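Residues per chain are reported as follows:
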Amino acid sequence: MELLDIVDENGCPTGETVERETAHRKGIRHRTSHVWLMREGKNGTEVLLQKRSKNKDSYPGCYDISSAGHIPAGVDFVPSAIRELREELGLLVEAEELIYCGQRRFHFEAKFHGKPFNDYQVSNVYCVWRDVEPENLTLQASEVESVCWMNLEECKAAVRENTIPNCIFTEELEMLPKSRLDNAAFQSVY
């Protein structure tokens with residue numbers, strides 16, 4: 001059983017917890033950490049996309065954020081982001097490498113595997129500049145089918161035009177720095 005903190009509109013725990021499945025069935029607000037791996041490629045800034053496992057409870061087989069996950073009750077955004085990177089991609093990252101890009105609040109309802117899915121999240125979005133080849137990552141098979149690098153502007157177009165199966169929000173891609181030079185507008189977590 002995975003317990004999540006019930007949070008207010010700013011992502012602050014209310015002191016109550018809920019099982020993950022119940023949160024998604026009833027649309028109870030909870031927290032997630034989203035981390036985008038970025039690098040400078042030959043043709044500009046690139047982002048690492050994760051292709052979700054076909055067994056995921058939502059958006060199976062779709063391209064998604066490099067690494068993202070629900071935050072267990074009693075844990076904060078940054079430790080959760082670091083844990084998810086290690087678990088999903090086998091990538092060790094220090095808190096100082098996380099660059100805070102902003103916070104998103106969103107709610108959507110859909111059906112997956114024949115069951116209603118009512119997701120209500122407060123997500124902190126981070127990026128990490130790391131030039132790593134996909135074959136050097138250790139993917140968590142139960143979560144991640146594969147990963148690939150994509151030019152940031154091409155990714156924005158693919159998401160906007162829905163030319164790849166994805167569960168990425170354009171709003172979140174717009175939060176990311178366009179290049180390493182843009183990092184001055186962002187801040188490291190520590």
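Preceding block: the structure.
Q: How should the state of the cysteines be read in this particular structure?
A: Put plainly, two cysteines are in a disulfide when a covalent bond ties their sulfur atoms together. Scanning the model with the defined rule gives zero disulfides in all. Cysteine Cys-62 shares no disulfide, and the gap to the nearest cysteine sulfur, in Cys-167, comes to 5.5 Å. Residue Cys-148 stays outside any disulfide, its sulfur separated by 8.6 Å from that of Cys-155, the closest cysteine. A relative accessible area of 25% means that Cys-148 is categorised as partly exposed.

Q: In this structure, what is going on with the environment of Val-93? I would like to understand it.
A: Inspection of the secondary structure assignment puts Val-93 in the loop between helix H2 (77-89) and strand S7 (99-112). By relative accessible area, Val-93 is classed as buried at 6%. In contact with Val-93, other than residues within four places in its own chain, are Ile-82, Leu-85, Val-128 and Arg-130.

How each quantity is defined
- Residues numbered from 1 in each chain as written.
- Predicted model: local features only at pLDDT ≥ 70, side-chain atom pairs only at ≥ 80, totals over all residues.
- Heavy atoms only, no water.
- Disulfide = S-S within 2.5 Å.
- Buried < 20%, exposed > 50% of the residue type's maximum accessible area, 1.4 Å probe, protein only.
- Helix = DSSP H or I, 4+ residues; strand = E, 2+ residues; numbered from the N terminus.
- Contact = heavy atoms within 4.5 Å.

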